[in-house]
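Structural overview for review
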There are 2 protein chains.
Amino acid sequence: MLRINRETDYATAILSLMAQEPDECYSAAWLSARRCLPAPVVSKILKQLVRAQLLVSHRGAKGGYSLARPAEEISIAAVINAIEGPIALTDCIEGGNSACQYSAHCAVSSNWSRINDVFQHALEAVSLKDMSEPLAAEHPGLRALGERVRSAVN
Amino acid sequence: MLRINRETDYATAILSLMAQEPDECYSAAWLSARRCLPAPVVSKILKQLVRAQLLVSHRGAKGGYSLARPAEEISIAAVINAIEGPIALTDCIEGGNSACQYSAHCAVSSNWSRINDVFQHALEAVSLKDMSEPLAAEHPGLRALGERVRSAVN
DNA sequence: CTTAAACCGTACCAAATTCGTACGGTTTCA
DNA sequence: TGAAACCGTACGAATTTGGTACGGTTTAAG
Ligand code: FES
Ligand code: FES
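For the structure given in this document, a descriptive report is provided here. It should be emphasised that the depicted structure is a prediction, and the values quoted were computed from it without experimental measurement.

On to the protein's contact with DNA strand D, then. In the vicinity of DNA strand D lie 22 residues, with Ala 28, Lys 47, Ser 57 and Tyr 65 of chain A together with Lys 44 of chain B positioned nearest. For DNA strand D, a base oxygen lies 3.4 Å from a polar atom in the backbone of Gly 60 of chain B. The leading source of residues in the surface near DNA strand D is helix α3 (residues 39–51) of chain B, at three residues. Among the residues forming the surface near DNA strand D, the class breakdown is nine nonpolar, eight polar and five charged.

This is the structure we're talking about:
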């Protein structure tokens with residue numbers, strides 16, 4: 001299915017909400033209520049984002065979380081990294097130099113690795129700000145996409 | 001981690017081997033030995049690929065599997081589809097019109113959906129042939145991907 | 001016509017991962 | 001001093017993944 005995990009999806013949803021008023025300080029409880037997500041889950045996610053330095057936390061009463069940087073400077077790739085670790089389509093990519101036991105018989109890993117790189121760069125190019133802006137439904141760039149891919153190949 | 005599952009990786013490895021002599025008929029046992037993969041697993045994968053009409057099977061003694069189409073006409077997207085079902089980065093994308101319960105409060109799902117489409121098209125642009133050629137020169141379908149994701153989202 | 005090589009299909013199991021919960025602690029403001 | 005908020009670890013149920021088992025069917029060769 002090639003999917004990101006659910007917490008990552010939640011994380012982007014929460015962050016995109018925070019991006020609308022970037023200087024506000026949001027409590028976990030408020031975010032949870034606003035997004036209709038279970039409070040403990042929201043807390044857990046927020047803590048992970050703090051550890052990854054995408055958010056800063058303010059302790060004590062009237063505390064909460066706020067963005068560590070402007071929304072334009074937080075990429076979706078960074079969010080994925082924070083929640084689920086480095087982007088690695090295959091086991092062998094993650095292994096790094098400790099090559100997989102089959103690498104001697106495997107012609108494809110370098111090609112997967114390349115696809116992986118492209119995905120990574122693509123996700124780095126999408127910021128939280130892009131993500132939080134509620135799309136213009138008829139977007140001209142998207143319509144021509146199919147053809148552009150096709151013609152790029154031959 | 002954003003990963004494809006292991007069987008899909010195996011599948012591409014097996015298929016790329018078959019693509020080198022496309023008209024040959026390969027037995028599951030031979031492929032398993034050649035790739036150093038457990039035989040039952042290879043069988044299981046091959047059967048899934050037959051069901052998805054990427055391979056044809058020949059029963060009986062001297063039977064085996066061969067590519068249903070030229071390697072140029074089998075995309076990596078098709079392989080992923082065969083093994084793990086449709087490409088769907090998030091739950092909500094898979095759900096289709098039966099929208100997720102949070103969709104009313106969720107600003108990001110349409111943006112994920114758009115990224116999903118771009119990935120899908122990109123993977124459709126990479127053929128088994130590309131994949132089986134070790135260290136293919138810059139693949140044009142991939143090169144421009146980053147830009148495309150970017151322009152699809154804003 | 002018999003045998004063996006090969007595919008077919010279902011069902012099962014163990015291990016890993018995911019998703020979410022629980023709970024006791026710490027910091028800060030009012 | 002107390003309430004509001006964050007902090008951290010640890011746990012557990014449910015699902016998914018990766019792989020096995022086994023009995024059946026088809027076909028070529030001898
Ligand atoms: S399976 Fe590890 S290198 Fe391809
Ligand atoms: S979480 Fe379902 S629409 Fe975003």
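Residue and element names in this part refer to chain B. If you check helix α1 (residues 6–18), its first and last C-alpha atoms are 19 Å apart, about what 13 residues at 1.5 Å a residue would give, namely 18 Å. Counted residue by residue, α1 has eleven buried out of 13 residues, so it is predominantly covered. Those residues of α1 that fall on the buried side of the exposure criterion are Thr 8, Asp 9, Tyr 10, Ala 11, Thr 12, Ala 13, Ile 14, Leu 15, Ser 16, Leu 17 and Met 18. For α1, the N-terminal capping position is held by Asn 5, with its side-chain oxygen 3.2 Å away from the main-chain nitrogen of Glu 7.

By the definition in use, this model includes six salt bridges over all chains. Of the charged contacts, one joins Arg 6 of chain A and Asp 91 of chain B as a salt bridge, the two residues approaching to 2.8 Å between their closest N and O atoms. With one member in each of two chains, Arg 6 of chain A in helix α1 (residues 6–18) and Asp 91 of chain B in helix α5 (residues 91–95) form a pair that bridges those chains. A salt bridge links Arg 3 of chain B to Asp 91 of chain A; the shortest N-O distance between them is 2.4 Å. Linking Arg 3 of chain B in the segment before α1 with Asp 91 of chain A in helix α5 (residues 91–95), this pair reaches from one chain into another. Taking the relative accessible area as the measure of exposure, Asp 91 of chain A reaches 36% and is therefore partly exposed. A cluster of three or more residues bridged by salt bridges with shared partners is formed by Arg 3 and Arg 6 of chain A together with Asp 91 of chain B.

Turning our attention to the packing of helix α2 (residues 28–35) of chain B against α3 of chain B. All names here are of chain B. Direction vectors running N to C along α2 and α3 enclose 120 degrees, while the axes themselves pass 9 Å from each other. With respect to α3, the axis of α2 lies oblique. Note on packing geometry: the crossing formed by α2 with α3 is right-handed. Contacts from Ala 28, Leu 31 and Ser 32 of α2 reach α3 at Ala 39, Val 42, Ser 43 and Leu 46.

In the vicinity of DNA strand C lie 22 residues, with Lys 44 of chain A together with Ala 28, Lys 47, Ser 57 and Tyr 65 of chain B positioned nearest. Backbone atoms, meaning sugar and phosphate, make up 71% of the atoms of DNA strand C lying within 4 Å of the protein. Here a base nitrogen of DNA strand C sits 2.9 Å away from a polar atom, N or O, in the side chain of Lys 44 of chain A. One nitrogen or oxygen atom from the side chain of Arg 59 of chain A is found 3.3 Å from a base oxygen belonging to DNA strand C. Elements with a minimum of two residues in the surface near DNA strand C: α1 and α3 (39–51) of chain A together with β1 (55–58) and β2 (64–67) of chain B. Per-element tally for the surface near DNA strand C: the top contributor is α3 of chain A, with three residues.

Residues and elements named next belong to chain A. Inspection of the secondary structure puts Ser 127 in the loop between α6 (109–124) and α7 (128–132). Along the backbone, Ser 127 and Glu 7 are 120 residues apart, and their C-alpha atoms lie at a distance of 18 Å. If we ignore the near neighbours within four places in the chain, the residues touching Ser 127 are Ala 71, Glu 72, Ile 74, Ser 75 and Ile 76. In this structure the side chain of Ser 127 is engaged in a polar contact, spanning 3.2 Å, whose partner is the backbone nitrogen of Lys 129.

Glancing now at the pairing of strand β2 (residues 64–67) of chain A. All names here are of chain A. Where strand β1 (residues 55–58) and β2 come together, four bridges link them in antiparallel fashion. Within β2, the position partnered with His 58 by the bridge is Gly 64. Linking β1 back to β2 in an antiparallel pair, the connection comprises five residues, with Gly 60 at a positive phi of about 85 degrees.

What counts and how
Residues numbered from 1 in each chain as written. Chains lettered and ligands numbered in written order. Predicted model: local features only at pLDDT ≥ 70, side-chain atom pairs only at ≥ 80, totals over all residues. Heavy atoms only, no water. Near = heavy atom within 4 Å. Polar contact = N/O pair within 3.5 Å; in protein donor to acceptor, adjacent residues only side chain to side chain. Helix = DSSP H or I, 4+ residues; strand = E, 2+ residues; numbered from the N terminus. Nonpolar A, V, L, I, M, F, W, Y, C, P; charged D, E, K, R; others polar. Expected span 1.5 Å × (residues − 1). Buried < 20%, exposed > 50% of the residue type's maximum accessible area, 1.4 Å probe, protein only. Salt bridge = Lys/Arg side-chain N within 4 Å of Asp/Glu carboxyl O. Axes fitted to C-alpha atoms, helices over the stretch in contact; angles between N-to-C directions. Parallel < 35°, antiparallel > 145°, perpendicular 65-115°, else oblique. Left-handed = near helix turned anticlockwise from the far one by under 90°. Contact = heavy atoms within 4.5 Å. Pairing = 2+ DSSP bridges.

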